[in-house]
Amino acid sequence: MKISYNWLKEYLSIDLAPEKVGEILTGTGLEVEGIEKIEQVEGGLEGLVVGLVKTANQHPNADRLRVTTVDVGEAEDLHIVCGAPNVAAGQKVVVATVGTTLYPTGGDAFKIKKSKIRGELSMGMICAEDEIGLGTDHAGIIVLPEATIVGTAAREVFDLKEDYIFEIGLTPNRSDATNHVGVAKDLAAALQINHNSEAQVQLPSVAAFEVHTESLPIEVEVRNTQSCPRYAGVSISGVTVQASPDWMQQYLQAIGVRPINNIVDITNFILHELGQPLHAFDADKIAGKKVIVQNLPSGAKFVTLDEQERQLHQDDLMICDGDEKGMCIAGVFGGIYSGVTDTTTNIFLESACFEAINTRKTATRHGLRTDAAIRFEKGVDPNNTLYALKRAALLICEFAGGQIASQIVDIYPQTIEKPIVPLRFARVNQLIGVDIPPETVKQILVTLEMEIVEETDAALKVAVGTNRADVLREIDLIEEVLRIYGFNKVPISQSLKSSISYSPKVSNHQLKNKVGDYLASNGYLEMMANSISNAAYYPEEEKGIVKLLNSMNAHLDALRHNMLFSGLEAIRHNQNHKTTDLRLFEFGRTFSTYEANEKTQYDEKEHLTIFLTGMNQPESWQGNQRPFNFFDLKAICANILHRLGIRSYQTASIGNSPYFSYGLQLKQGKKRPLVSFGAVKKSVGKQFGIKKEVFYADFNWDHILAAVHNTQVHFQEIPKYPSVRRDLALLLDQEVTFGQITQIATQTAKHLLQNINLFDIFEDETKVGKGKKSYAVSFILQDAQKTMTDKEIDKTMQKLMRNFQNKLGAEIR
């Protein structure tokens, strides 16, 4: 949200540096994310001064040039060559001195340099209007009034104003601060409490509002008071639609709002001044001179201001005319046939309060995130509608020449009262952690325009304004006290108190931290991707995808069914920005549907994903750089399971997969896969413009938690007796896997086998035969009770060889 400092000072008399104001606002919870300086004229006329032309003689080498001497208030006069036809001695002019950068209208900026023009020295430039960005006139130089003081900065002569724009990261709950007056109130409260200031917000008076005539009455009927708790309006006749005043245009442009005409600009001005959306209808286009607030049947057609025909939903609240034809989607967007045009002379001005949830749903359904909809869905003050209406009506009368042509229509069947919220002083101090005197608490509440309706030594009852839809509980009031009191005034304790506790339940948070720390220490970067994805990424045959009903982006229309595609998007983004060597990991959720009991059910699963692509280390003279491969990923997956104490699992091929070209799955039993990992198919990477090979691992985190919960930590004494190694060369069929060898070895050697490792693979049809391969496998044997004898070792190895021969058809080489 953008807030103009100059606009803010219309309501609050302060003269603080913009940086200081930003610091104070951030301290109140209105975080200022940036401050931008805005100049009325580009460059701010920096370096331009008033000069007096003392002499203006004909250039000896050019008929159309004059050689002048100009006094700019310095010790020496400047010699300037000027080509303007109207330059003459005795004139007060605008001079650009050497080193000044000029920003001409419609041209590129350039710097004034010391130069020779046709042999004559020129130490500056006498400027025309268009040459300094003040207009388009190039007929001659600017001639200033005689009373203008020589040496005065041009920005002072032309009374140029500079402004500062605060970019505020507004939290969703602060509906009261979506406007300049709301921000000014917070700033005033902080100044009074923490800076001994007497600053008070001064709102523009509407006392001058009066009905001039009742020649244009418009009847109003509200048929859905739940969606429209309050509706007010007034007619204004005899208006002239034209440009709004310069000051108003400058304020709107400063915050990024494009001026349109005086009527529309005034409604936008009030929106950003008070946070109350308004809508102006052409009164002559309202059939039957009646406004009806109602819902139209589902499927009804309506053409909005952007010339788009929209199909209405039965819950969309509409502003209709006497013929019950839609004129506006209430609180969201106007219609093309009832809006103000250049020929409009009579208007009906609407100021209403529309229910937040219904407005949000309507805006989302139609993809219309307008400024008005954003305010209404946050919650506007129902008791501010009349003030905003009168304020806008007075501005329209002043700048459009109209007159009030009806009594105000105000339909407010059930008055919304201020909520009464109790507040205990002891609770304030307990939660904030510092003793705040009751008088200070009361002063803060009063500065926030909250009324104390009842008071005891221990507590208060506070009437909270209806502009604060987020302050309904005691904890909300305490938050208000704290943010104005100042977060930085709460001392940090010098001691830390803790107690040791034991929980049999596995801590998901701690496990994530453990794995995240391990991955980060190995050079991996944690990413956080959008959980909303593009349904077009998934194959048509893939079932269970959760589609969004009201997507505002055609490319974000489904909850992600897997975490592969969001990771590939991150890889593409990084590779497009010249970062090609990546190690990424992410903790996140996937979403799916399934059918149960003839109903669609929804499921969420937690995952940890890992991505590897590019080279394994930066380029170096040592020459150890190589591309990442499958075994880099396999090692990191195995190490994570080892880190978590998961030692018992089976290894299987990943099988036929739409995403993996090859890979493995580590699992416990048939129904508990722990992690699937492998190389992403090149066709999948190609969809994202990724040419390099990508390796991807997907941990089912829910299964990991269950496995960790079932894992018991056992003490194991350090072996006293030596281990021995024996190697076997096995000639096997191509279909035999190392996992099968491991399983047979484990069952055979049982407690004696400490480790098994595949250290070589040999495949050559001419030497080992067709469909055959040779595995070189090492076995580490150790007895924890004694030193193994050669006889025991040989006996164990014989058993292993026999079982490999019988169960796998192996030949011992």
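For the structure itself, look to the data block above.
Here's what I pulled together on the structure shown here. (Residues numbered from 1 in each chain as written. Predicted model: local features only at pLDDT ≥ 70, side-chain atom pairs only at ≥ 80, totals over all residues. Heavy atoms only, no water.)

1. A few points about the environment of glutamate 604
The condition is simple: Under the scheme used here, helices are H or I runs from DSSP no shorter than 4 residues and strands are E runs no shorter than 2 residues, and both carry numbers assigned from the N terminus. Here the term buried applies to any residue with accessible area under 20% of the maximum for its type, exposed to any over 50%, and partly exposed to those in between, with areas from a 1.4 Å probe on protein chains only. Contacts were defined at the residue level, with two residues in contact if any of their heavy atoms lie within 4.5 Å. Polar contacts here mean pairs of N or O atoms no more than 3.5 Å apart (in protein, one a potential hydrogen donor and the other a potential acceptor; neighbouring residues in sequence count only if both atoms are side-chain atoms).
The residue glutamate 604 is located in strand S34 (residues 599-613) in this model. On the accessibility criterion, glutamate 604 (43% relative accessible area) is partly exposed. Residues glutamate 604 and phenylalanine 591, spaced 13 residues apart in sequence, show a C-alpha to C-alpha distance of 4.7 Å. With near-sequence residues (within four places) excluded, glutamate 604 lies in contact with Arg589, Thr590, Phe591 and Asp702. At 3.3 Å, the side chain of glutamate 604 forms a polar contact with the side chain of arginine 589.

2. A few points about the packing of helix H2 (residues 18-27) against helix H4 (residues 180-194)
Rule in force here: Axis angles are defined between N-to-C directions and span 0 to 180 degrees, where every axis is a line fitted to C-alpha atoms and, for a helix, only to the segment in contact. In this scheme, roughly parallel covers angles under 35 degrees and roughly antiparallel covers those over 145, while 65 to 115 is roughly perpendicular and the rest are oblique. Nonpolar residues are Ala, Val, Leu, Ile, Met, Phe, Trp, Tyr, Cys and Pro. Charged residues are Asp, Glu, Lys and Arg, and all others, Gly as well, are polar.
One way to put it is that H2 packs onto H4 with a least axis distance of 10 Å and a crossing angle of 90°. When the axis of H2 is compared with that of H4, the two are roughly perpendicular. Packed against H2, whose contacting residues are Val21, Ile24 and Leu25, the element H4 presents Val183, Leu187, Ala190 and Leu191 at the interface. Classifying every residue of the contact of H2 with H4 gives seven nonpolar, no polar and no charged.

3. Section: the sheet that holds strand S42 (residues 811-812)
Sheets are built from strands that pair by backbone hydrogen bonding, the pairs being arranged parallel or antiparallel. The condition that has to hold: The pairing criterion is simple: DSSP has to find at least two bridges between the two strands.
Pairing within the open sheet is antiparallel, and its four strands lie in the order S40-S41-S39-S42. Bordering the open sheet on either side are strand S40 (753-762) and S42, each of which pairs with just one other strand. Across 10 bridges, the pairing between strand S39 (residues 724-733) and strand S41 (residues 772-781) is antiparallel. Within S41, the residue paired with leucine 730 across the bridge is tyrosine 775. Relative to S40, helix H18 (residues 738-749) is tilted by about 150°, and along the sheet it contacts S39, S40 and S41. This element, helix H20 (residues 790-808), spans S39, S41 and S42 of the sheet and lies at about 15° to S39.

4. Observations regarding a positive patch on the surface
This is how it is decided: Within the patch definition used here, like charges are joined within 9 Å and nonpolar side chains (Val, Leu, Ile, Met, Phe, Trp, Tyr) within 5 Å, considering only residues with over 30% relative accessible area and no salt bridge. Using a 1.4 Å probe, accessible areas were evaluated by the Shrake-Rupley method; residue-level cover was limited to the displayed protein chains. Note on definitions: salt bridges are taken to be side-chain nitrogens of Lys or Arg within 4 Å of carboxyl oxygens of Asp or Glu. In this tally, Asp and Glu contribute negative charge and Lys and Arg positive charge; neither His nor the terminal groups of the chain are included. A single reference atom marks each charge: NZ on Lys, CZ on Arg, CG on Asp, CD on Glu.
Residues Lys750, Lys791, Lys795, Lys799 and Arg802 make up a contiguous surface patch of positive charge. Relative to the helices and strands, lysine 791 is located in helix H20.

5. Comments concerning helix H15 (residues 630-643)
Rule in force here: Take the number of residues in a helix, subtract one, and multiply by 1.5 Å to get its expected span. Arc definition: it is the arc formed by the directions from the helix axis to the C-beta atoms.
Taking 1.5 Å per residue, 14 residues should reach 20 Å; H15 reaches 20 Å between its end C-alpha atoms and fits that length. Among all positions of H15, only Phe630, Asp632, Leu633, Ile636, Cys637, Ile640 and Leu641 are buried. All buried residues of H15 project into a common sector of 170° when viewed along the axis, lining one side. Near the N-terminus of H15, the side chain that reaches the backbone nitrogen of phenylalanine 631, with its oxygen 2.9 Å away, is that of asparagine 629.

6. Some details on the sheet that holds strand S26 (residues 420-424)
Pairing is antiparallel across the open sheet formed by three strands, whose spatial order is S26-S28-S27. Taken across any chain shown, the strands that pair with only one partner, and hence form the sheet edges, are S26 and strand S27 (451-455). The mean angle between the axes of side-by-side strands here comes to 30°, regardless of whether they run parallel or antiparallel. Relative to strand S28 (residues 459-463), S27 runs antiparallel, the two being bridged by four bridges.

7. Considerations on the pairing of strand S6 (residues 92-97)
Among the six residues that make up S6, five are buried, leaving the element largely enclosed by the rest of the structure. As judged from the five bridges shared by strand S3 (residues 48-58) and S6, these two strands associate in the antiparallel manner. Note that in S6 the partner of valine 50 across the bridge is valine 94. For S6 and strand S12 (residues 143-144), the ladder comprises two bridges, and the chain directions are antiparallel. Paired with valine 93 across the strands is valine 143, a residue of S12.

8. Focus: the pairing of S28
As paired elements, S26 and S28 share five bridges and run antiparallel to each other. Bridge assignment links isoleucine 420 to a residue of S28, and that residue is alanine 463. Counted along the chain from S27 to the antiparallel partner S28, the turn is three residues long.

9. So, unusual backbone geometry
When glycine is set aside, most residues are seen to have a negative phi, and most peptide bonds are trans. Its identity as a non-glycine residue notwithstanding, aspartate 159 has a phi of 50°, on the positive side. Along the chain, aspartate 159 turns up in the loop between helix H3 (154-157) and strand S13 (162-169). Unusually for a residue other than glycine, lysine 750 sits at a positive phi of about 50°. Within the element layout of this structure, lysine 750 appears in the loop between H18 and S40.

10. Concerning the packing of helix H7 (residues 356-366) against helix H8 (residues 371-378)
The criterion, for reference: For a crossing to be left-handed, the near helix must be turned anticlockwise from the far one by less than a right angle; the clockwise case is right-handed.
Orientation of H7 relative to H8, taken along the N-to-C sense of each, is 145°, at an axis distance of 7 Å. Considering how the two elements wind past one another, H7 and H8 form a crossing that is left-handed. Residues Ala356, Thr359, Arg360 and Ala363 of H7 form the contact with H8, whose participating residues are Ala373, Phe376 and Glu377.

11. Thoughts on the nonpolar core
This is how it is decided: Residue types Ala, Val, Leu, Ile, Met, Phe, Trp, Tyr and Cys, when buried and joined through side-chain atoms within 4.5 Å, form a set referred to as a nonpolar core.
Core analysis: the biggest nonpolar cluster contains 58 residues, and Leu187, Ile270 and Ile396 have the highest contact counts within it. Ignoring anything within four residues of it in the chain, the contact list for leucine 187 reads Leu8, Leu12, Ile14, Val21, Ile24 and Leu25. Within the second largest apolar cluster, 33 residues are counted, among which are Leu608, Leu633, Ile646 and Phe695.

12. With respect to H18
A rise of 1.5 Å per residue sets the reference length of H18, with its 12 residues, at 16 Å; its end C-alpha atoms lie 16 Å apart and thus fit the reference within 8%. Within the span of H18, buried status applies to Ile741, Ile744, Ala745, Thr748 and Ala749. Taken down its axis, H18 places every buried residue within 110° of arc, on the same side. Looking at the buried side of H18, the elements it contacts are S39, S40, S41 and H20.

13. What about the pattern of salt bridges?
All chains considered together, the criterion is met by 39 salt bridges. Notably, a salt bridge pairs glutamate 439 with lysine 442, separated by 2.7 Å at the nearest N-O pair. Within this pair, glutamate 439 and its partner lysine 442 are both found in helix H11 (residues 438-447), separated by three residues, close to a single helical turn. The exposure class of glutamate 439 is exposed, given its relative accessible area of 55%. Judged by relative accessible area, which is 12%, lysine 442 ranks as buried. Ionic contacts of the salt-bridge type, sharing partners, join the residues Arg174, Asp176, Asp186, Arg468, Asp470, Glu480 and Arg483 into one network.

14. Observations concerning the environment of alanine 463
Among the structural elements, alanine 463 can be located in strand S28. Looking at alanine 463, the relative accessible area reads 4%, which means it is buried. Along the backbone, alanine 463 and glutamate 417 are 46 residues apart, and their C-alpha atoms lie at a distance of 9.1 Å. What alanine 463 contacts, discounting residues up to four positions off in sequence, is Lys418, Pro419, Ile420, Met450, Glu451 and Val453.

15. Remarks on the packing of aromatic side chains
The condition that has to hold: Classification of ring pairs rests on two measures: the distance between centres of Phe, Tyr or Trp rings, Trp counted by its six-membered ring, which must be within 6.5 Å, and the angle between planes, read as stacked under 30 degrees, edge-to-face over 60 and tilted in between. Throughout this description, the term charge over a ring refers to an Arg CZ or Lys NZ atom that lies within 6 Å of the ring centre and within 35 degrees of the ring normal.
The final tally for this structure, using the stated rule, is 20 aromatic pairs. Where phenylalanine 630 meets phenylalanine 631, the ring centres are 5.5 Å apart and the plane angle is 80°; that geometry is what we call edge-to-face. Relative to tyrosine 696, the ring of phenylalanine 660 lies with its centre 5.7 Å away and its plane at 20°, an arrangement referred to as stacked. Separated by 36 residues along the polypeptide, phenylalanine 660 in strand S36 (residues 660-667) and tyrosine 696 in strand S38 (residues 694-700) bring together distant segments of the chain. Its relative accessible area of 9% is what places phenylalanine 660 among the buried residues. Aromatic rings pair up to connect Trp7, Trp247, Tyr251, Phe269 and Phe399 into one cluster. For the cation-ring pair, lysine 489 lies above tyrosine 485, with the distance from its terminal atom to the ring centre recorded as 4.2 Å. Its end group placed over the ring of phenylalanine 759, arginine 725 keeps NZ or CZ at 5.3 Å from the ring centre.

Taken by themselves, the reported measurements are silent on function.
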